[in-house]
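Structure assessment
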Amino acid sequence: MEMTLTINGQSHKIDVADDTPLLWVLRDTIGLTGTKYGCGIAQCGACTVLVDGRPARSCTLRARNAQGKAITTIEGNQGRVGETVIAVWNELNVHQCGYCQSGQVMAATGLLSSNPKPDDAAIDQAMSGCICRCGTYVRVRKAIKQAAEQLQSDS
Ligand code: FES
Ligand code: FES
């Protein structure tokens with residue numbers, strides 16, 4: 001099936017099977033390997049990207065259903081919120097093995113884009129689907145709070 005996807009602001013014309021998940025297109029067809037495969041059943045969050053600014057699990061989202069939408073991966077996570085999140089992530093050394101972290105960063109970017117001042121409950125709700133086998137949850141929460149403060153003081 002031929003389709004055109006807009007990924008990180010660039011248009012990509014591709015031809016893949018009708019039921020191909022977006023994650024396969026990102027990694028195998030386009031070569032954007034920052035988005036990871038964890039479970040394949042929308043349970044771990046490793047494959048999280050933004051679709052029209054909202055976090056989505058690219059392992060279960062069919063690529064065909066992302067046509068006409070703005071897809072953002074970790075490689076294209078630019079702009080004020082995305083860049084602040086990444087800077088704080090690096091400053092606090094949030095990552096450990098790193099495998100889950102692109103999904104964590106994209107989920108955090110989606111959260112702070114829609115809710116600039118999330119409380120603990122909002123953070124828990126937004127991030128609960130992002131599993132980290134290294135247990136970086138405390139640093140993830142700290143980084144989200146710091147990014148939120150930084151974004152507010154900059155505005
Ligand atoms: S790989 Fe998509 S949620 Fe786990
Ligand atoms: S940093 Fe290793 S799985 Fe999260």
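Cut-offs used in this document
- Residue indices follow the written sequence of each chain, beginning from 1 at its first position.
- Each chain is given a letter, starting from A, and each ligand a number, starting from 1, according to the order in which they appear as written.
- Whole-chain, interface and lining totals are the exception, using all residues; otherwise, since this is a predicted model, local features are given only for residues with pLDDT of at least 70 and side-chain atom pairs are given and counted only at 80 or more.
- Where side-chain values are given, they derive from all heavy atoms of the structure, hydrogens and water being excluded.
- Strands are runs of DSSP state E lasting at least two residues, helices are runs of H or I lasting at least four, and both sets are numbered from the N terminus onward.
- The atom set for the radius of gyration is the C-alpha atoms, and the globule formula is 2.2 Å times the number of residues raised to the power 0.38.
- Whether a residue is buried, partly exposed or exposed follows from its accessible area with a 1.4 Å probe, protein chains only, as a fraction of its type maximum: under 20%, in between, or over 50%, in that order.
- A pair of aromatic rings is counted whenever rings of Phe, Tyr or Trp (Trp by its six-membered ring) have centres within 6.5 Å, and the orientation is called stacked for planes under 30 degrees apart, edge-to-face for over 60 and tilted otherwise.
- We call two residues contacting when some pair of their heavy atoms lies within 4.5 Å.
- Simply put, an axis is a line fit to the C-alpha atoms, just over the touching stretch for a helix, and the angle between two N-to-C directions goes from 0 to 180 degrees.
- Convention used here: angles under 35 degrees read as roughly parallel, angles over 145 as roughly antiparallel, angles from 65 to 115 as roughly perpendicular, and any remaining angle as oblique.
- With the far helix as reference, a near helix turned anticlockwise by less than a right angle produces a left-handed crossing, and one turned clockwise produces a right-handed crossing.
- What counts as a domain boundary in this text is fixed by an automatic or database domain assignment.
- Buried surface area refers to the total accessible area, computed with a probe of radius 1.4 Å, that the two partners give up upon joining, counted for both partners together.
- Candidates for patches are residues over 30% relative accessible area with no salt bridge; among them, like charges are joined within 9 Å and nonpolar side chains (Val, Leu, Ile, Met, Phe, Trp, Tyr) within 5 Å.
- Surface exposure here means Shrake-Rupley accessible area, sampled with a 1.4 Å probe, where a residue is shielded only by the protein chains that are shown.
- Each salt bridge in this description consists of a side-chain nitrogen of Lys or Arg and a carboxyl oxygen of Asp or Glu lying within 4 Å of one another.
- As used here, the term nonpolar core means buried Ala, Val, Leu, Ile, Met, Phe, Trp, Tyr and Cys residues forming a set that is joined through side-chain atoms within 4.5 Å.

As recorded by an unreviewed UniProt entry, the protein carries the name (2Fe-2S)-binding domain protein and is attributed to Ferrimonas balearica.

**What to know about the overall build of the protein**
Helix and strand content of the protein: five helices and five strands. Tracing the protein from N to C terminus, the helices and strands come up as β-β-α-β-β-β-α-α-α-α. At 15 Å, the protein has a C-alpha radius of gyration in line with the 15 Å of a compact globule built from 155 residues. Each of the three principal axes of the protein carries a C-alpha extent, and together these read 45 × 35 × 25 Å. Relative to its 155 residues, the protein shows a buried fraction of 45%.

**Brief notes about the packing of aromatic side chains**
Taken as a whole and assessed by the stated rule, the structure comprises one aromatic pair. With a centroid separation of 5.6 Å and an interplanar angle of 85°, the aromatic rings of tryptophan 24 and tyrosine 37 are classed as edge-to-face. Of this pair, tryptophan 24 sits in helix H1 (residues 22-30) while tyrosine 37 sits in the loop between H1 and strand S3 (48-51); the two residues are 13 residues apart in sequence, bridging distant segments of the chain. Residue tyrosine 37 is classed as partly exposed on the basis of its relative accessible area of 37%.

**So, the environment of cysteine 47**
Structurally, the position occupied by cysteine 47 is in the loop between H1 and S3. Separated by 25 residues in the primary sequence, cysteine 47 and leucine 22 have C-alpha atoms spaced 9.5 Å apart. Look past the residues within four positions of cysteine 47 in its chain and what remains in contact with it is Leu23, Thr35, Lys36, Ala56, Arg57, Ser58 and Cys59.

**Observations concerning the packing of helix H3 (residues 101-114) against helix H5 (residues 137-154)**
At their nearest, the axes of H3 and H5 sit 11 Å apart, and the two run at 40° to each other. Relative to H5, the element H3 is oriented oblique. Where H3 crosses over H5, the handedness of that crossing is right-handed. Where H3 abuts H5, its residues Gln104, Ala108, Leu111 and Leu112 lie against Val140, Ile144, Ala147, Ala148 and Leu151.

**Regarding the domain arrangement of the protein**
The domain architecture assigned to the protein consists of domain 1 (2-75) and domain 2 (77-154). Here the C-alpha centre of domain 2 lies 20 Å away from the C-alpha centre of domain 1. Contacts between the two partners involve 18 residues from domain 1, matched on the other side by 13 residues from domain 2. Between domain 1 and domain 2, roughly 1,200 Å² of surface is buried when both sides are summed, and carbon and sulfur atoms account for 60% of that area. In terms of surface lost to domain 2, no three residues of domain 1 exceed Thr48, Leu50 and Ile74, which account for 35% of the buried area on that side.

**Points about a nonpolar patch on the surface**
Together, Trp24, Tyr37 and Tyr99 line one region of the surface with nonpolar side chains, adding up to about 300 Å² of accessible area. Summarising the element assignment, tyrosine 99 is placed in the loop between helix H2 (79-91) and H3.

**Description of the nonpolar core**
Val85, Trp89, Leu112, Met127 and Ile144 are the most contacted members of the largest nonpolar core, which has 20 residues in total. Elements represented by at least two residues in this core include exactly H2, H3, helix H4 (120-127) and H5. Counting residues per element, this core draws most heavily on H5, at six residues. Filtering out sequence-adjacent residues up to four positions away, methionine 127 remains in contact with Gln104, Ala107, Ala108, Val140 and Ile144. Core analysis: the second largest hydrophobic core is formed by 15 residues, Leu5, Ile7, Leu32 and Ala63 among them.

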